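# Architecture at a glance
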Amino acid sequence: MKQSCKSIVWFASICVLVQATLAAERPNVVVIMADDLGYGDVSCYGATEITTPHIDALAAGGLRFTSGYCSASTCTPTRYSFLTGNYAFRTKGTGIAAPNNPAIIQPGTATIASLLRDSGYATAVIGKWHLGLGGPDGPDWNGELKPGPLEIGFDHCFLLPTTNDRVPQVYVQDHRVLNLDPADPLWVGMKQPNPDHPTGISHRDTLKMNWSHGHNNTIHNGISRIGFYTGGHAARFRDEDLADKWIEQSKAWIAANKSKPFFLFFASHDCHVPRIPHERFQGTTKLGYRGDAIAEFDWCVGEIVATLEEQGLSENTLVVVCSDNGPVGDDGYQDEALEKMGKHRPAGPFRGGKYSVLEGGTRTPFITYWKGRIQPGVSDEVVCTIDLAASISSLLDIPLPDAACVDSFDVHPALLGTPNATGREHLIQQDNGMAGNYGLRVGKWKLQRHDSKSARNVQVNVELANTNVPQFQLYDLSVDPAETNDLLAQEPKVAAELKDQLQVLIDQHRSRPVK
Ligand code: NG6
Ligand code: CA
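For the structure given in this document, a descriptive report is provided here. (Residues numbered from 1 in each chain as written. Chains lettered and ligands numbered in written order. Predicted model: local features only at pLDDT ≥ 70, side-chain atom pairs only at ≥ 80, totals over all residues. Heavy atoms only, no water.)

Bringing the overall build of the protein chain into the picture now. Each helix and strand in the protein chain was counted, giving 11 helices and 18 strands. Computed over its C-alpha atoms, the radius of gyration of the protein chain comes to 23 Å, within 12% of the 24 Å expected for a compact globule of 515 residues. Within the protein chain, the fraction of its 515 residues that count as buried is 61%. Counted over contacts in the protein chain with a minimum sequence separation of 6, partners at least 24 positions apart contribute 73%. Of the accessible surface of the protein chain, which amounts to about 19800 Å², a share of 55% is contributed by carbon and sulfur atoms. (Helix = DSSP H or I, 4+ residues; strand = E, 2+ residues; numbered from the N terminus. Rg over C-alpha atoms; globule rule 2.2 N^0.38 Å. Buried < 20%, exposed > 50% of the residue type's maximum accessible area, 1.4 Å probe, protein only. Contact = heavy atoms within 4.5 Å. Areas by Shrake-Rupley, 256 points an atom, 1.4 Å probe, with all protein chains shown as cover.)

So, in structure tokens, the structure goes:
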């Protein structure tokens, strides 16, 4: 008896020691999120018409997930969910953010960044934000831009404030527009400021990239955008230079912060529209601008990995590569994405893409890499960007209050490829905002629920446009990844269970059980 007590004490002390050692390790965390990058857009996920050597190398040395997801099939809700660990459909105002959108995540909300910062991490977001800035009246472009990332856990930010097809084309560094000349104030709005203000409609023949739908307001760098702006000329950037800027800023920030553990959210704009990669990438793929932007993203991944290597940080850094939603061809500009698609299948074996709750909308490239720690391989476990908050907190031994990150699951053993580790048992997929379209993935099953009548009739994807989609559909993804054979009638029991489960997960306002 005494002996077994001793063994328990001994075992417990070893556990504490191991935990302390693991926690003491405190790896850096770098999340590299692409924009609109589909499952089939990179060669390690099966693309044959484009090669992505840097992403492939990362996957070869790390873990490539075949069931890695983002939460939503548009940007803002995925980013919201990634940072807060909460499903975006639970909160109003989490759909695609407008140019003058106020900050969507309120100060005081726990985020992956605040959890890490409060435990001593240096934290930064560099790249696309698209989660709003400023108080209820929206951003004060000429003053202090707060609240923003710095009020929800980041101690540094260097941002493209919305998406680059929305105005304005300026960088935000911490609380201010960078290089803004007070004598030339920046004005941003949704109404044409005066009848002479050139737009994509009045000056269409001058554009270097024509629009196809929307995107016909203020012109900057030969490209017309969503929304209008005037002033701030000294602060404006060239689309072609965005990726270089993100890399320059990231390299400098990593070098300056390497003495303490850090968390970097590297939010690329590739391959969102307008797809204007740097001149050195233009024409380098046969897929046109969309492919060239993917090549630029691949280069960025290589630069980040090389920087970690040069700084001697590779063995102490967890790198995650993911996307914010599935792919889209024509998203508002005539950039020949569709014309040059050829045999390329941007969503891989899946149907749907951006804006859709079919697998193509949210099942996206998802790779974890940690030199010397993650055994290279392929994992079929279900993981999602929304899980990074709980998973990384758990990995670092940071306690997660019940009220924080209520839809984020600790799947860190699966993310690290621990033998027999399992991913999520269930995952809700959504489209934009609160439109009421969901996917529920449970094991091999996928339930689609389309509440929004308008969404039922529109671009689930090109081939389904203008067809009537039934409200519920059920698919067995293990044999039908493309969701073509609806089993709702054949499998009434499974369908009923999944319908109930989805409703319960929605109604209980959280999906991670209370401890
Ligand atoms: C849509 C835009 C699209 C893209 C999307 C947001 C039009 C016609 N379409 O409203 O181009 O900007 O919003 O994309 O304006 S996301 O990846 O940031 O969610
Ligand atoms: Ca996106």
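From this point on, the discussion continues.
Attention now moves to the nonpolar core. Counting residues in each nonpolar core, the largest one holds 110 residues, and the members touching the most others are Leu116, Phe263 and Phe265. Top element by residues in this core is helix H6 (residues 288-310). It accounts for 10 residues. Here phenylalanine 263 is in contact with Val29, Val31, Phe82, Ile112, Ala113, Leu116, Tyr121, Ala122, Thr123, Ala124, Phe154 and Trp253, once residues within four sequence places are set aside. Within the second largest apolar cluster, 22 residues are counted, among which are Cys384, Leu427, Tyr438 and Trp445. (Core = buried A, V, L, I, M, F, W, Y, C linked by side-chain atoms within 4.5 Å.)

This part takes up the pattern of salt bridges. For the structure on display, the rule yields 28 salt bridges. Note that aspartate 165 is salt-bridged to arginine 166, the shortest N-O span being 3.2 Å. One exposure class covers both aspartate 165 and arginine 166, and it is buried. Among the salt bridges present, the one from glutamate 336 reaches lysine 340, with a minimum N-O distance of 3.3 Å. (Salt bridge = Lys/Arg side-chain N within 4 Å of Asp/Glu carboxyl O.)

Moving on to the sheet that holds strand S18 (residues 472-476). Strands sit in the order S15-S16-S17-S18 across an open sheet of four strands; the sheet is antiparallel. Of all strands in the sheet, those bounded by a partner on one side alone are strand S15 (426-430) and S18. Strand-to-strand, the axes of this sheet are offset by a mean angle of 15°, without reference to chain direction. With five bridges connecting them, strand S17 (residues 445-450) and S18 associate as antiparallel partners. (Pairing = 2+ DSSP bridges. Axes fitted to C-alpha atoms, helices over the stretch in contact; angles between N-to-C directions.)

It is worth spelling out the coordination of the calcium ion (ligand 2) at this point. Binding of the calcium ion (ligand 2) to the protein goes through Asp35 (OD), Asp36 (OD), Asp324 (OD), Asp324 (OD) and Asn325 (OD1), at separations of 2.2 to 2.7 Å. The coordination sphere of the calcium ion (ligand 2) comprises six donor atoms, whose angles at the metal cover 51 to 170°; the geometry is irregular. Mapped onto the sequence, the residues coordinating the calcium ion (ligand 2) show the spacing D-D-x287-D-N. You can see aspartate 36 sitting in the loop between strand S1 (28-34) and helix H2 (53-61) and its partner asparagine 325 sitting in the loop between strand S12 (317-323) and helix H7 (359-362), a full 289 residues away along the chain. The pair formed by aspartate 36 and asparagine 325 is uniform in burial state, with each residue classed as buried. (Donors = N, O, S within 2.8 Å, 3.2 Å for Na, K, Ca; no water. Tetrahedral: all angles 85-135°; square planar, octahedral: opposite > 155°, others 65-115°.)

Turning next to helix H3 (residues 75-84). Within H3, 10 of the 10 residues are buried, leaving the element largely enclosed by the surrounding structure. Inspection of H3 places Cys75, Thr76, Pro77, Thr78, Arg79, Tyr80, Ser81, Phe82, Leu83 and Thr84 among the buried residues, and these make up the whole buried set. Phi turns positive one or two residues past the end of H3, at glycine 85, with a value near 70°.

Its place among the elements puts threonine 368 in strand S13 (residues 367-369). Separated by 2.8 Å, the side chain of threonine 368 and the backbone oxygen of leucine 415 make a polar contact. Discounting residues that sit within four places of it in the chain, threonine 368 has contacts with Gly62, Leu63, Phe65, Leu318, Val319, Val320, Ile374 and Leu415. (Polar contact = N/O pair within 3.5 Å; in protein donor to acceptor, adjacent residues only side chain to side chain.)

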